[in-house]
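Tertiary structure, described
What follows is the residue order along each chain.
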Amino acid sequence: MFEVIILSFALSMDAFAVSIGLGIKNKGDIKILALKVGLFFGIFQALMPFIGYLGGIGLKEYIQGYDSIIAFVLLLLIGGKMIYEALNENVEEEITQISNKILLTLAIATSIDAMAAGFTLHLFDLNVYLSLFLIGIITFIMSYIGVYVGQKGGDKYETKAELLGGIVLILIGFKILLF
């Protein structure tokens, strides 16, 4: 279960970083925005790994014996992408108004990585539904907090959060490969 908690925090770092950016741009009621961002990101961050998990089960008989290598490569790619984005991109700068459509788009964009990570869930000895719940709740909390951090001038934390998330995902990939 410890691995899932660490995975949950690592996956939530992308949403946390975007939430900080949204908090910086916020011109309206911070409480409503924080709740909406938490809900959008938390729900999608829990839903996408479930889709990935189901895909992993469907492919399990074909990838058996190679599943730890595939999980390592996926987590390495996801972590590398997060690190690259942290150093090169800031999508929130392009947003002028925070609408539900924008939040939906960002929730999907930040959770695509979680879908790929969902392929690895069958490698852990755990309750998948509890794991998905934890991923969703931790992402909700981190995103909710991220909006407030952004409002308080937290742009300096945005890149660090995404970097940390990427590094942790890569480390989890190494753990799966080596143990």
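Since this is a predicted model, take the numbers as computed values, not measurements. (Residues numbered from 1 in each chain as written. Predicted model: local features only at pLDDT ≥ 70, side-chain atom pairs only at ≥ 80, totals over all residues. Heavy atoms only, no water.)

Our next topic: the overall build of the protein. Counting its regular elements, the protein contains 6 helices and 0 strands. Each helix and strand of the protein, placed in order from N terminus to C terminus, yields the pattern α-α-α-α-α-α. Here the protein has a C-alpha radius of gyration of 16 Å; the compact-globule value for 179 residues is 16 Å, and the two agree. Oriented by its inertia axes, the alpha-carbon framework of the protein measures out at about 50 × 30 × 25 Å. Out of the 179 residues belonging to the protein, those deemed buried represent 48%. Taking all contacts inside the protein whose residues are at least 6 apart in sequence as the whole, residues at least 24 apart take part in 94%. (Helix = DSSP H or I, 4+ residues; strand = E, 2+ residues; numbered from the N terminus. Rg over C-alpha atoms; globule rule 2.2 N^0.38 Å. Buried < 20%, exposed > 50% of the residue type's maximum accessible area, 1.4 Å probe, protein only. Contact = heavy atoms within 4.5 Å.)

A separate point is the side chain of serine 8. Inspection of the secondary structure puts serine 8 in helix H1 (residues 2–25). Setting aside anything within four residues of it in sequence, one finds serine 8 in contact with Leu134, Ile135, Ile138 and Thr139.

This paragraph deals with the layout of surface pockets. Approximately 160 Å³ is the volume attributed to the second largest pocket. Around the second largest pocket sit 11 residues that line it, and Asn26, Lys27, Gly28, Leu33 and Ile98 are the ones nearest its centre. The element best represented in the lining of the second largest pocket is helix H2 (residues 30–63), accounting for 3 residues. In terms of residue class, the lining of the second largest pocket is made up of 3 nonpolar, 4 polar and 4 charged. (1 Å grid on protein atoms, 1.4 Å probe; cavity = no way out; pocket = protein on both sides within 12 Å on 5 of 7 lines; lining within 4 Å. Points joined across faces, edges and corners; volume = space filled by probe spheres on them. Nonpolar A, V, L, I, M, F, W, Y, C, P; charged D, E, K, R; others polar.)

Under the criterion given, the structure shown has 2 salt bridges. Taking the shortest distance from any N to any O, the salt bridge between lysine 81 and glutamate 85 comes out at 2.8 Å. Placement of the pair is lysine 81 and glutamate 85 together in helix H3 (residues 67–88), with a separation of 4 residues, close to one helical turn. Across the salt bridge formed by aspartate 113 and lysine 81, the nearest N and O atoms sit 3.4 Å from each other. Taken together, the residues span a long stretch of sequence, with aspartate 113 in helix H4 (residues 100–118) and lysine 81 in helix H3 at a distance of 32 residues. Note on aspartate 113: relative accessible area 7%, which makes it buried. For lysine 81, a relative accessible area of 33% translates into the label partly exposed. (Salt bridge = Lys/Arg side-chain N within 4 Å of Asp/Glu carboxyl O.)

Helix-helix packing is described using two parameters, namely the angle between the two axes and the distance between the axes. At a minimum axis separation of 7 Å, H2 and H4 run at an interaxial angle of 35 degrees. At the point where H2 passes H4, the crossing takes the right-handed sense. Contacts from Lys36, Val37, Phe40, Phe41, Phe44, Gln45, Met48, Pro49, Ile51, Gly52 and Tyr53 in H2 reach Asn100, Leu103, Leu104, Leu106, Ala107, Ile108, Thr110, Ser111, Ile112, Ala114, Met115 and Gly118 in H4. Here the contact of H2 with H4 is built from residues that sort into 16 nonpolar, 6 polar and 1 charged. (Axes fitted to C-alpha atoms, helices over the stretch in contact; angles between N-to-C directions. Left-handed = near helix turned anticlockwise from the far one by under 90°.)

These values are about where atoms sit, not about what they do.
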